[in-house]
Amino acid sequence: MLPGRFLLAVEILRYEFMQHALLAGLLGGIACSLVGVLVVSMQLSFIGVSISHAAFAGAVIAVFCGLNPMLGAFVFSLLAAAIIGPLADKGEFKPDTSLGIVFSLMIGLSFLFMGMIPGPKTQALNLMWGSILAVNNQDLMILFITAVPVLLTITLLYKEIQAIIFNREIALSVGLPAAWFFYGLMFLTGLTVAASLRPIGGLLIFSLILNPAAAAYQLTYSLKWLFGLAAFLGVLSCWAGLACAYFFNLPGGATIVVLSTVIFFAANAFSPKRKVCKISTPKEVNINA
Amino acid sequence: MRDVVINMQNVTVSYREDVALQNLSIEIKNGEMIGIAGPNGAGKTTILTVVNGLGRLVRGQAKVLGHLMSAGKKGRDFRLCYKTASLRKLIGYVPQGCSVDPGTPISVRDAVMLGRYGRLGFWRRPGRDDWQVVGKLLEMVEISHLAERPFGHLSGGEQQRVAIARALAQEPRIMLLDEPTTYLDWRSRQEILQLIKQVHREKGLTTLMVTHDPKDTFNFCDRVVLLQQGRVAAIGPPAKTLSDAVLRKVYGESTICCQGGFY
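Read on for a plain summary of the structure.

Basis of the calculations
Residues numbered from 1 in each chain as written. Chains lettered and ligands numbered in written order. Predicted model: local features only at pLDDT ≥ 70, side-chain atom pairs only at ≥ 80, totals over all residues. Heavy atoms only, no water. 1 Å grid on protein atoms, 1.4 Å probe; cavity = no way out; pocket = protein on both sides within 12 Å on 5 of 7 lines; lining within 4 Å. Points joined across faces, edges and corners; volume = space filled by probe spheres on them. Helix = DSSP H or I, 4+ residues; strand = E, 2+ residues; numbered from the N terminus. Nonpolar A, V, L, I, M, F, W, Y, C, P; charged D, E, K, R; others polar. Contact = heavy atoms within 4.5 Å. Buried area = accessible area lost by both parts, 1.4 Å probe. Salt bridge = Lys/Arg side-chain N within 4 Å of Asp/Glu carboxyl O. Polar contact = N/O pair within 3.5 Å; in protein donor to acceptor, adjacent residues only side chain to side chain. Buried < 20%, exposed > 50% of the residue type's maximum accessible area, 1.4 Å probe, protein only. Pairing = 2+ DSSP bridges.

Brief notes about empty space enclosed by the protein
Here is step 1: With the rule as written, the count across this model stands at two cavities of 30 Å³ or more.
Here is step 2: In this model, the largest cavity occupies a volume close to 60 Å³.
Here is step 3: Taken together, B:Ile164, B:Leu168, B:Met175, B:Leu177, B:Leu195, B:Ile196, B:Val199, B:His200, B:Leu205 and B:Thr207 form the lining of the largest cavity.
Here is step 4: Broken down by secondary-structure element, the contributors of at least two residues to the lining of the largest cavity are helix H5 (156-169), strand E8 (174-178) and helix H6 (186-203) of chain B.
Here is step 5: Broken down by element, the lining of the largest cavity gets its largest block of residues, four residues, from H6(B).
Here is step 6: Across the lining of the largest cavity, the residue classes break down as eight nonpolar, two polar and no charged.
Here is step 7: Approximately 30 Å³ is the volume attributed to the second largest cavity.
Here is step 8: Of all elements in the fold, only helix H2 (16-41) and helix H11 (197-200) of chain A reach the threshold of two or more residues within the lining of the second largest cavity.
Here is step 9: Looking at which element gives the most residues to the lining of the second largest cavity, the answer is H2(A), with three residues.
Here is step 10: Of the residues assigned to the lining of the second largest cavity, the class counts are six nonpolar, three polar and no charged.

Here it is as structure tokens:
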């Protein structure tokens, strides 16, 4: 039984579509989870959600206009990053209300234009749920072109990123151009979201950004380990999700996201950050004794 | 004669509809120790943010270490200005508290090292010399034993010591201290004030310190600026500026002035 399954697993690796999917999982998993560390550590999760839905809205609008959906996704996500970044940096609004409005506008635009697309809406629906088993060379190239700058930025500007994650006002006060860095990181988030839109899907992409990073955040106090663990968990979620999707005939993007959520709950359960110091109950002392 | 290192001319700063500083003009010379006092909302912290270019000038100009920050006609913010970022490398800033998530992935040693990041410039990683400087500063503020702890696990007082060490790690020319003794117990307060005095003298710094501590805290200052509603109510030597009559005028008649303090 087991050797048979193993042979089947080896066999599927020979298919080109599976090789593409695994490569997309590797590149997308690394890029999304590294960007996720920035978003989670700076406590800007909702900003990331808004940017990812802006990418989805842009892609759907591009499909409606007969353009390449990736173009729309890039334009909208970068535009959202350019608008939300400065507003968030200056603390001019409370994220829970203003971002909620941006988020609902983007969802509204997505479904409005989806409804207006004439004929079958397969392309738009694929953008919603993703199609990791159908990625082509162009998708892989886009993912590669996005993953490399993400990796390079984090490696080369590690100390600046560490300062910004710690506290943006402190980073500014020690002489770093922290505001520019912050906008740059928002821009990188937008870029990653747009590049991962086709394989993972507009409604699911942000879970892949948030979950591996949030899981890794539960496990370490070291920023270097946090980046490493998040990338590992991101790729693990993608590859394990792909395997489940293939063997049980499930939708790829959704399976990846569900698995990454399971990993988060497991990390949360075993988190050293949740350890509570056990204090033994002091015995009652008889003062009359 | 000592050079003027901070020169503010008719500085006005406002946060939306609230005016924090109004037409404030002040000159501070190299090596001076300036105490800043005043009731809540008088604009004490805002003065510090004007010096390091973190505040938004609505009117007037501030020249700090030769770097001119001018409000222009429409007012100006210097957060995105590269030249002001270079100026900040020379200014150590200890803010009033600093909200950091307890789970933030940074150790105490790294939190102090942040002070050297501006000096290091892009791409360069901290070298052995930088780590040695940080090690000595951790000893100086007596938190060497906490060096590997996550920063978010420290108490308010310990975090304040980290902030002072980080500001000193910049090897600054100007020190801005915004209520550096907040959260500190009585003994730690004395130690930190002693440390501030010592560092100010030894390094020849120009220091601006905001505090709500009793008035005897200001005894070691060369001058005290007493603010009221964004304007200078009094400026001069501590004994003269913080006289009972002036304090009653600024804080109200109900202020009880006793030996060494005002409450």
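Let us keep going from here.
Considerations on the interface of chain A and chain B
Here is step 1: Each side of the interface is counted separately: chain A has 31 residues, and chain B has 38 residues.
Here is step 2: Carbon and sulfur atoms supply 62% of the area that chain A and chain B bury against each other, a total of about 3100 Å² over both sides.
Here is step 3: By the criterion of area lost to chain B, the three top residues of chain A are A:Lys159, A:Phe166 and A:Tyr221, representing 25% of everything that side buries.
Here is step 4: Across the chain A-chain B interface, the total number found is one salt bridge.
Here is step 5: Joining chain A to chain B, the criterion identifies 11 residue pairs in polar contact (both at pLDDT 80 or more).
Here is step 6: For the side of chain A that touches chain B, the elements supplying multiple residues, two or more each, are helix H7 (137-156), helix H8 (158-166), helix H9 (168-173), helix H10 (178-195) and helix H13 (223-248) of chain A.
Here is step 7: With six residues, the top contributor of residues to the side of chain A that touches chain B is H8(A).
Here is step 8: Residues that form the side of chain A that touches chain B fall into these classes: 18 nonpolar, seven polar and six charged.

Quick look at the pattern of salt bridges
Here is step 1: Scanning all chains against the criterion turns up 10 salt bridges over all chains.
Here is step 2: For the salt bridge of A:Glu169 with B:Arg79, the shortest nitrogen-to-oxygen distance reads 2.6 Å. Separated into two different chains, A:Glu169 in helix H9 and B:Arg79 in the loop between strand E6 (76-77) and helix H2 (82-88) make up a pair that spans both.
Here is step 3: Overall, the relative accessible area of 12% leaves B:Arg79 in the buried class.
Here is step 4: A single network of salt bridges, built from pairs that share partners, joins B:Arg116, B:Arg119, B:Asp130 and B:Glu171.

Some details on the side chain of B:Gln160
All names here are of chain B.
Here is step 1: Relative to the assigned elements, Gln160 resides in helix H5.
Here is step 2: At 3.1 Å, the side chain of Gln160 forms a polar contact with the backbone oxygen of Glu179.
Here is step 3: If near-sequence neighbours (up to four positions away) are discounted, Gln160 is found in contact with Val94, Pro95, Gly97, Asp178, Glu179, Pro180, Thr181, Thr182, Tyr183 and Leu184.

Points about the pairing of strand E3 (residues 33-37) of chain B
Residues and elements named next belong to chain B.
Here is step 1: The buried fraction of E3 is high, at five of five residues.
Here is step 2: Burial along E3 is two-sided: Met33, Gly35 and Ala37 and Ile34 and Ile36, pointing in opposite directions, are all buried.
Here is step 3: Pairing analysis gives four bridges linking E3 to strand E9 (residues 206-210), with the strands arranged parallel. Bridging across to E9, Ile36 finds its partner in Val210.
Here is step 4: By the bridge criterion, four bridges tie E3 to strand E10 (residues 223-228) in an arrangement that is parallel. What sits directly across from Ile34, in E10, is Arg223.

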